[in-house]
Amino acid sequence: MKKFNVKSLIIPALAAILSLAVIFASACSPSCSIYASTLDWAVAMIEEFYYEDVSEEDVRAAGLENLSGNVLDIYSRYYTAEEYEQTNSSNEGNRSGIGVSYSYLSPELNLSIGSGVYIASVLGNSPAWRSGLRPGTFVTGARTAQGEEVAIADNDDFAAFINARAEGEQFTLITDRGEFSMAKENYVMSYCRMATAEGEWSISYDADGDMSADYVQSDRYSYLPEGTAYVSLSQFYGNASEEMAALFKVFNQEGCTSLILDLRNNGGGYVSIMQELTYLFTAELDDAYDVAMYARFKDGSSTRYDVDAFTSDSSSYIPAGTQVTILANNGTASASEALIGALISNGVAGYDDIYVSDFSDAYLAATGTEDKDCRTYGKGIMQSTWQYWVTGEALKLTVAQIYWPDGQMSIHDRGVGVADGCHTVPAEWSVTYSDEELQAVCAMLAA
């Protein structure tokens, strides 16, 4: 079957990272020495920190730009100084544009959800999100501020229209779900949102960077069981911990007694945020692990990453005994899998509280993920990033394998899924507008 055409679509599983932003090494480490070239520095860093042995000859033969997926694994990579600066800014939540990823779904796929230019994700607090545009929508056209209408039939049409718009220039996207007006701008991305049967809460930031949880009455999630809150976490970056704490405060204020935590398509992020989120779930437990995960290095040594009590506001904690259900799929990776491990290890949730996507043959063939169906991605390794202080260039390396709080369980290359006792849920595609997958889980919970 023909693979679907992707444009500006980040598949979470391929972008998955469980990482430390930067390790500042000791005075005698390669990171703060001076080398004849950046390649010489990279050779020294790889020899000392990469989690597997790699020959110097292979590194030099490949060159800096060709290390990822060649000499090193696909999660390790070299950054120019400019790329590294941009990556750091993005991971802090600073974005520009309209905040969507998209792909072209061919009619040949014969999907019930439709075909055409498909909005795969809409970033929280982005211009697109604030306009009301939601994932699972198909874009059919656009209109400029001057009233000129443009047909959008494929990814190239969409990219050309968006790229031609200046920052601040208003335009309208015409979709199968209505029309949505927006403009490209700089914004702070949000990572968490929440819903009950009565309404929805999203996180926004004002011009001063102050965060708020904004409520709108809505029946979009009217099928949620009484007393149940649905909370989505898209990545472990930016202010995700503080956002989740704000929503959990609402969870408690609303008197919710059960939680559906959506980690579908969450490719991971920073270790520190995973440590903080673990605390929100375990702070009320009488006997909880004080470690969130372990990292084991190639020399056999281990480092523990403790649960981080980053807030003393107990109204933001999930009460002990709360029924926690987890949604996951083959794009759930890295920090998401580490958080799942912490919740299972502490008895917050069990394998039978996890619902994993059982994708359609069309989706599996189009994405090449047949071997990862009915499970999470299976990324139990960690990356660290160093910047070469002389040039500003940087190197991200896989440095360790990750183990759950018991120090024994690692999900690398196996994931968590049906083999562990998780439930499966039919899913035609990774995202659909009405989220039939979530509706099916709610029906299963009710039954």
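Our subject is the structure listed above.
Residue numbers run consecutively from 1 along every chain, following the written order of its sequence. The predicted origin of the model limits local features to residues at a pLDDT of at least 70 and limits the giving and counting of side-chain atom pairs to 80 or more, whereas totals for whole chains, interfaces and linings rest on all residues. Side-chain calculation: all heavy atoms of the structure are included, whereas hydrogens and water are not.

Some thoughts on the overall build of the protein chain
Okay, so step 1: Helices and strands together make up the secondary structure of the protein chain, namely eleven helices and 24 strands.
Okay, so step 2: Its C-alpha atoms give the protein chain a radius of gyration of 22 Å, within 12% of the compact-globule value 22 Å for 447 residues.
Okay, so step 3: Over its C-alpha atoms, taken along the principal directions, the protein chain stretches across nearly 60 × 55 × 50 Å.
Okay, so step 4: Within the protein chain, contacts between residues separated by at least 24 positions form 70% of all contacts whose residues are at least 6 apart in sequence.
Okay, so step 5: By element, 46% of the accessible surface of the protein chain is carried by carbon and sulfur atoms, the whole surface being about 18,600 Å².
Okay, so step 6: A positive count includes Lys and Arg, and a negative count includes Asp and Glu. His and the chain ends are not counted in either. By convention, the charge on Lys lies at NZ, on Arg at CZ, on Asp at CG and on Glu at CD. Averaging the coordinates of the 24 positive side-chain charges in the protein chain and doing the same for the 62 negative ones gives two points 4 Å apart. In DSSP terms, a helix is any run of H or I states spanning at least four residues, a strand is any run of E spanning at least two, and both are numbered starting from the N terminus. For this measure, only C-alpha atoms enter the radius of gyration; the expected value for a globule follows 2.2 Å times N^0.38, where N is the number of residues. Residue contacts are defined here by distance: any two heavy atoms, one from each residue, within 4.5 Å place the two residues in contact. For every accessible area listed, the method is Shrake-Rupley and the probe measures 1.4 Å; residues are considered covered only by the protein chains on display.

Comments concerning the pattern of salt bridges
A side chain with one charge can pair with a side chain of the opposite charge if their charged atoms come near.
Okay, so step 1: Just to be clear on terms, a salt bridge is a Lys or Arg side-chain nitrogen sitting within 4 Å of an Asp or Glu carboxyl oxygen. Summed over the entire model, instances satisfying the criterion amount to 15 salt bridges.
Okay, so step 2: Where Asp435 meets Arg264, a salt bridge forms, and the shortest distance between an N and an O atom there is 2.8 Å. A residue pair is termed long-range when its members are at least 10 positions apart, and Asp435 in the loop between strand 24 (423-427) and helix 11 (436-446) and Arg264 in the loop between strand 16 (258-262) and strand 17 (268-270) qualify at 171 residues. Comparing Asp435 with Arg264 shows no difference in burial state: the two are buried. Note on classification: 1.4 Å probe, protein chains only; a residue is buried when its accessible area is under 20% of the maximum for its type, exposed when over 50%, partly exposed between these limits.

Some points on a nonpolar patch on the surface
Okay, so step 1: Here, patches come from residues exposed beyond 30% relative accessible area and free of salt bridges, joined within 9 Å for like charges and within 5 Å for nonpolar side chains (Val, Leu, Ile, Met, Phe, Trp, Tyr). A cluster of nonpolar residues, Ile34, Trp389 and Val390, forms a patch on the protein surface that exposes about 350 Å² of accessible area.
Okay, so step 2: Here Ile34 shows up in the loop between strand 2 (17-20) and helix 2 (38-49).
Okay, so step 3: Residue class for Ile34 comes out exposed when judged on its relative accessible area of 64%.

Considering the environment of Trp389
Okay, so step 1: Within the secondary structure, Trp389 sits in the loop between strand 22 (381-387) and strand 23 (394-403).
Okay, so step 2: Under the relative-accessibility criterion, Trp389 is labelled exposed at 51%.
Okay, so step 3: Measuring from C-alpha to C-alpha, the distance between Trp389 and Asp53 comes to 25 Å, with 336 residues separating the pair along the chain.
Okay, so step 4: In this structure the side chain of Trp389 is engaged in a polar contact, spanning 3.3 Å, whose partner is the backbone oxygen of Ser33. Side-chain atoms alone can form a polar contact between residues adjacent in sequence; in general such a contact is a pair of N or O atoms within 3.5 Å, and within protein one must be able to donate a hydrogen while the other accepts it.

Some details on a negative patch on the surface
Okay, so step 1: A cluster of acidic side chains, namely Asp358, Asp361, Glu370 and Asp371, defines a negative patch on the protein surface.
Okay, so step 2: Within the element layout of this structure, Asp361 appears in helix 10 (residues 361-367).
Okay, so step 3: Since its relative accessible area comes to 66%, Asp361 is described here as exposed.

What to know about the pairing of strand 18 (residues 291-296)
Okay, so step 1: In this description, strands pair whenever DSSP reports at least two bridges between them. Bridge analysis of strand 18 against strand 19 (residues 302-306) gives five bridges, and the strand direction is antiparallel. Considered in strand 19, the bridge of Arg296 is made with Ser302.
Okay, so step 2: Connecting strand 18 to the next strand, strand 19, in antiparallel fashion are five residues, including Gly300 with a positive phi near 90 degrees.
Okay, so step 3: Bridge count between strand 18 and strand 23: three bridges; the pairing is antiparallel. Pairing of Tyr294 across the sheet is with Tyr403, part of strand 23.

Remember, this is a structural readout, not a statement about activity or role.
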